[in-house]
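# Residue-level structural notes
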Amino acid sequence: MLGNLVRLALLVFYLVVATTPAVAQQPASAPSDSATVYFGGDILTMRGSAPEYVESLAVKDGKIIFAGNMAEAEKLAGPNSNHVDLGGKTLLPGFIDTHGHFVYFGKNLVDANLFDSADIAELVARMKKQAERTPADAWIVGFGYQARAMKEGRPPTSEELDLISADRPVMVVDSSGHLGAANAAAFKAAGISADTPDPTGGMFARKADGKSLLGPMEETALNAVRAKRPPFTGELAAQAITGAAEVWASYGQTTAMEAGLGLGNDDIGIVLNAVDKQLLKIDLYIAAKDSALDDTIAAAYTVGSQYNPQPSGVVEKLRAARPDLDDRYVNRVRLGGVKFWLDGSLDTAWFTQPYTENPGGKTGAFSGYRQIPDELLDAVFDKYWPTELQIHMHMNGDAAADQALSAIAKAVKKHGMRDHRPVFVHATWLRPDQISLMKEYGAIPSFLTAGIIPGGDAVVRLWGPERSAGAMAARTFLRANLPFTFSHDAPVSPTPSILELVDAGVNRLSGSGKVVGPDERVSPYDALRAVTATAAYQLKEEKSKGTLEAGKLADLVILDKNPLKVEPTTIKKILVLETIKEGKTVFTR
Ligand SMILES: [Zn+2]
């Protein structure tokens with residue numbers, strides 16, 4: 001009798017436990033030991049070279065346990081499983097960022113957004129809100145106004161910025177990043193007065209009497225003030241990381257990239273803070289800027305001088321603080337590679353043949369700029385080729401690709417061939433002979449397709465017909481059965497939208513609506529592979545990410561429409577409805 005009672009009590013207990021999740025309609029995000037079964041929509045596995053749909057996907061403990069028919073999924077998931085009816089929506093593997101600047105973007109987010117300020121009153125109002133959310137010991141900073149577009153047609157003065165705060169440093173930077181203004185407290189904190197001489201290549205505006213600063217400043221003068229801004233620590237450091245993760249997840253990304261950690265003097269601290277406090281809800285792959293490049297970057301990129309590059313190696317500094325940062329994720333952060341810049345952007349790309357039309361201000365046979373000497377790149381390969389760290393190289397022109405390929409050839413001769421997967425970042429114009437060599441060395445291009453929209457027309461004009469038609473040669477790579485990925489390079493693209501760059505890879509429409517290089521367009525499926533399966537391969541994470549297969553992480557994205565079934569030029573308008581990282585919802589619309 002007692003035995004029966006115990007058994008009955010146990011039975012009731014089990015029934016309650018068993019039925020609770022179903023009764024409560026537990027969302028997929030709720031922590032649960034039980035499995036979740038997705039069904040009722042297009043479930044696209046992204047496995048293989050042609051689209052493959054499955055009826056259901058079962059997920060448990062953060063991993064995919066089954067992708068296939070419903071009956072089998074239910075059997076494996078067991079009686080306690082949650083059921084998520086997709087209601088006709090589309091489920092895909094979570095998107096993977098193959099070239100973005102997550103930390104840099106996050107730092108921009110911390111500052112007030114001053115884009116499209118109609119006049120100085122609006123700028124001041126937005127900055128007052130910023131003052132409220134800024135810790136008392138931090139500078140109040142805003143970014144993105146355009147002086148010419150504001151009613152007054154000029155930047156704000158020191159006195160106008162004092163309306164935001166007269167005793168705390170206030171600084172605003174315009175959308176170009178080259179012009180700005182500060183209040184008296186900021187000038188004081190930076191040690192700058194009307195007596196300070198203008199630095200070379202810059203200017204502090206002065207009042208008519210010449211005895212006091214007016215507020216506006218240009219170029220190197222702005223950098224001199226900006227360099228004195230205290231590094232992000234504590235709350236601001238956390239805001240940069242959590243803010244960026246919020247944005248990345250809202251575009252369906254479950255893995256982000258910081259491809260240039262160390263451009264900012266506070267980058268390392270920001271990342272270590274995120275690791276220690278477990279701030280990240282999505283994965284972050286880091287390619288660290290190498291110390292050897294400090295001088296070159298400072299000379300070539302204003303961003304370098306803006307942020308005071310680290311005097312010594314970023315990799316070494318990260319590892320000194322966290323020796324466990326290696327090829328595994330530690331609290332969602334992984335040190336996966338190092339980053340080098342070999343040439344400039346579309347108007348300074350380094351070519352073997354001169355520009356078709358010279359960019360503004362260039363005369364003679366101009367063929368762009370080399371950023372680092374061969375010896376330096378060779379030394380880089382000597383140092384990193386034998387390690388697990390991948391080498392990422394920024395390149396737009398074919399001369400830069402030649403430099404990269406010759407450095408790889410020397411490394412292979414010296415250290416042997418290995419599964420290194422060097423990343424050719426942008427790889428915008430490659431010659432056919434270079435593509436063959438890339439195949440030999442297992443090099444992967446990450447095409448900045450998102451850049452076609454703003455840059456496509458200029459590329460056609462400056463690079464000429466051959467180089468623009470063959471730019472970002474996705475279809476050529478596809479035909480040769482070689483891997484390629486697509487990237488947004490945010491904040492170079494203002495938003496880290498994956499579907500926008502998929503759309504760009506499919507349609508290749510420039511800002512003026514011209515198709516740039518129609519022969520290099522790829523199908524929506526192949527474009528999606530470039531941000532899922534192949535993206536995982538580029539990061540050397542294909543064993544755990546990139547497709548919906550048993551054993552991989554339950555990194556998922558739910559879209560309101562299937563990119564393979566809409567009019568291709570509307571792919572960018574598809575909405576991300578939910579992003580799921582290892583079984584947990586990290587974004588919902
Ligand atoms: Zn970049």
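Preceding this paragraph is the structure being described.
These lines cover the structure that appears in this document, whether it is placed above or below. Going along each chain's sequence as written, the residues are numbered from 1 onward. Thresholds applied to this predicted model are a pLDDT of at least 70 for local features of residues and 80 or more for the giving and counting of side-chain atom pairs; totals over whole chains, interfaces and linings are not thresholded and use all residues. With hydrogens and water excluded, all non-hydrogen atoms of the structure serve as input to the side-chain values.

Adjacent strands of a sheet pair through backbone hydrogen bonds, lying either parallel or antiparallel. Whether two strands pair depends on DSSP finding at least two bridges between them. Numbering of helices and strands runs from the N terminus; a helix is a DSSP stretch of H or I covering at least four residues, while a strand is a stretch of E covering at least two. Read across the open sheet, the six strands follow the order β7-β8-β9-β10-β12-β11; overall the sheet is mixed. Looking along the sheet, the strands with just one partner apiece sit at the ends: β7 (112–113) and β11 (202–206). Alignment of strand β10 (residues 179–182) against strand β12 (residues 213–219), held across three bridges, turns out to be antiparallel. Paired with Ala181 across the two strands is Pro216, which belongs to β12.

Each pair of aromatic rings taken from Phe, Tyr and Trp, with Trp reduced to its six-membered ring, is defined by centres within 6.5 Å and is described as stacked if the planes are under 30 degrees apart, edge-to-face if over 60, and tilted in the remaining cases. Enumeration over the complete set of coordinates arrives at twelve aromatic pairs. A centroid spacing of 5.9 Å and a plane angle of 35 degrees characterise the contact between Phe381 and Trp385, whose relative ring orientation is tilted. For the pair shown, Phe381 and Trp385 are each scored as buried. Ring centres 6.2 Å apart and planes at 35 degrees place the aromatic pair Phe447 and Phe484 in the tilted group. Residue burial is assigned from relative accessible area. The probe radius is 1.4 Å, only protein chains are included, and a residue is buried under 20% of its type maximum, exposed over 50%, and partly exposed in between.

Another aspect to go through is the coordination of the zinc ion. Metal coordination here is assigned from N, O and S atoms located within 2.8 Å of the ion, or within 3.2 Å for Na, K and Ca; omission of water means that sites may look incomplete. Distances from the zinc ion to its protein donors, His99 (NE2), His101 (NE2) and Asp489 (OD), fall at 2.1 to 2.2 Å. Along the chain, the residues donating to the zinc ion are arranged with the sequence spacing H-x1-H-x387-D. Of the two residues, His99 is situated in the loop between β6 (95–96) and α3 (102–110) and Asp489 in the loop between β19 (485–486) and α18 (498–507); the sequence distance between them amounts to 390 residues. Take His99 and Asp489: they sit in the same class, and that class is buried.

In terms of residue burial, strand β14 (residues 283–289) counts as a mostly covered element, since seven of its seven residues are buried. Where strand β13 (residues 253–261) lies against β14, six bridges are found, and the strand directions are parallel. Paired with Leu261 across the strands is Ala288, a residue of β14. Orient the strands so they point away from the viewer, and a crossover whose first-strand-to-second-strand path over the helix runs clockwise is right-handed. Between β13 and its parallel partner β14, the chain crosses via helix α9 (residues 267–276), and the hand of that crossover is right-handed.

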